[in-house]
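# Coordinate analysis (summary)
Next come the chains, spelled out residue by residue.
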Amino acid sequence: DSGVTQTPKHLITATGQRVTLRCSPRSGDLSVYWYQQSLDQGLQFLIQYYNGEERAKGNILERFSAQQFPDLHSELNLSSLELGDSALYFCASSVDPGGNTIYFGEGSWLTVV
Amino acid sequence: QKEVEQDPGPLSVPEGAIVSLNCTYSNSAFQYFMWYRQYSRKGPELLMYTYSSGNKEDGRFTAQVDKSSKYISLFIRDSQPSDSATYLCAMSAGGSNYKLTFGKGTLLTVNP
């Protein structure tokens, strides 16, 4: 158990809908990262927050947004969902913003039908 | 050319074999190199972390980095069925602009 908690574990929704994925980082970790994992693209970095502020942005679509709250938990919002958004979404956390050693949660498995 | 290339396998070995997993990369700015293990439908788990070139050993696992060749390796000695998983290499340049770049992973099966 990495200490990073993600909910929900599984989610099935229809195209065009919006979902919110939630992440609680390890105790004491200030940085939160979101990754998308699909069979063809592998693990893709989406976005990083450090202590409530956006730190780095990766291949995140405009339909997706995230935030980190004062209690350090984070949410990833996915809207206008398309079939191609079906993937495993991971949250990870680290103590420092450099994030060379990050710890992953178990993931949220999103299926868009 | 992708920044990080990793043979997806699958790789199947008998129990007790020595396993060699490799990644190549193109970005010479990478200084931090990691190996993650991912069991089916689970989150990646940090296995080894190395800074710059050299070797690092942890139990049955040895990580090697050759920056001159832009090549990293993970060796698993006395492999066990419980080592069956996908192994992902990851690397970053460090500094203020964080970005960890992953290989696509190699699926390893260790047969009893």
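Above this text you will find the structure in question.
The rules behind each value
- Residues numbered from 1 in each chain as written.
- Chains lettered and ligands numbered in written order.
- Predicted model: local features only at pLDDT ≥ 70, side-chain atom pairs only at ≥ 80, totals over all residues.
- Heavy atoms only, no water.
- Helix = DSSP H or I, 4+ residues; strand = E, 2+ residues; numbered from the N terminus.
- Salt bridge = Lys/Arg side-chain N within 4 Å of Asp/Glu carboxyl O.
- Buried < 20%, exposed > 50% of the residue type's maximum accessible area, 1.4 Å probe, protein only.
- Pairing = 2+ DSSP bridges.
- Core = buried A, V, L, I, M, F, W, Y, C linked by side-chain atoms within 4.5 Å.
- Contact = heavy atoms within 4.5 Å.
- Axes fitted to C-alpha atoms, helices over the stretch in contact; angles between N-to-C directions.

### Side note on unusual backbone geometry
Cis geometry marks the peptide bond from Thr 7 of chain A to Pro 8 of chain A, where omega comes out at -10°. Here Pro 8 of chain A is to be found in the loop between strand 1 (5-7) and strand 2 (10-13). Positive phi is not limited to glycine here, since Lys 70 of chain B has a value of about 55°. In this structure, Lys 70 of chain B sits in the loop between strand 7 (61-66) and strand 8 (71-76).

### Comments concerning the pattern of salt bridges
Residue and element names in this part refer to chain A. On inspection of all chains with the given rule, the structure shows 7 salt bridges over all chains. The residue Asp 85 makes a salt bridge to Arg 63 at a minimum N-O spacing of 2.8 Å. You can see Asp 85 sitting in the loop between strand 8 (74-78) and strand 9 (87-94) and its partner Arg 63 sitting in the loop between strand 6 (53-57) and strand 7 (64-68), a full 22 residues away along the chain. Residues joined in a network through salt bridges with shared partners are Arg 63, Glu 82 and Asp 85.

### Let's talk about the pairing of strand 4 (residues 32-38) of chain B
Residues and elements named next belong to chain B. Here strand 4 lies mainly inside the structure; 7 of its 7 residues are buried. Going residue by residue along strand 4, you find Tyr 32, Met 34, Tyr 36 and Gln 38 tucked away on one face and Phe 33, Trp 35 and Arg 37 tucked away on the opposite face as well. Relative to strand 5 (residues 45-51), strand 4 is paired through 6 bridges, and the arrangement is antiparallel. Residue pairing for strand 5: Tyr 32 is matched across the bridge by Tyr 51. In textbook terms, the turn of a hairpin is the stretch between consecutive antiparallel strands, and for strand 4 and strand 5 this stretch comprises 6 residues, one of which, Arg 41, has a positive phi near 60°. For strand 4 and strand 9 (residues 85-92), the ladder comprises 7 bridges, and the chain directions are antiparallel. The residue bridging Arg 37 from the neighbouring strand is Tyr 87, located in strand 9.

### Some points on the nonpolar core
Trp 35, Ile 72, Leu 74, Tyr 87 and Met 91 of chain B are the most contacted members of the largest nonpolar core, which has 24 residues in total. Listed by contribution, the elements that provide at least two residues to this core are strand 3 (19-25), strand 4, strand 5, strand 7, strand 8, strand 9 and strand 11 (106-111) of chain B. Beyond its immediate chain neighbours, meaning those up to four positions away, Tyr 87 of chain B contacts Gln 6, Leu 21, Tyr 36, Arg 37, Leu 47, Leu 74, Ile 76, Gly 105, Thr 106 and Leu 108 of chain B. Ranked by size, the runner-up nonpolar core spans 20 residues in total, among them Cys 23, Tyr 49, Phe 64 and Tyr 89 of chain A.

### Remarks on the sheet that holds strand 3 of chain B
Strand pairing in a sheet relies on backbone hydrogen bonds. The paired strands run either parallel or antiparallel. Residue and element names in this part refer to chain B. Across the sheet, which stays open at both edges, the 5 strands sit in the order 1-3-8-7-6 with antiparallel pairing between neighbours. Two strands bound the open sheet, and with one partner strand each, they are strand 1 (4-6) and strand 6 (54-58). Strand-to-strand, the axes of this sheet are offset by a mean angle of 15°, without reference to chain direction.

### What about the pairing of strand 4 (residues 31-38) of chain A?
All names here are of chain A. With 8 of its 8 residues buried, strand 4 lies for the most part within the structure. Taken together, the 8 bridges between strand 4 and strand 5 (residues 42-50) define a ladder with antiparallel strand orientation. Looking across to strand 5, one finds that Tyr 35 is bridged to Phe 45. The antiparallel pairing of strand 4 with strand 5 creates a hairpin that spans 3 residues between the two strands. As defined by bridge partners, strand 4 adjoins strand 9 across 7 bridges and the pair is classed as antiparallel.

All quantities given are derived from atomic positions and should not be read as evidence of function.
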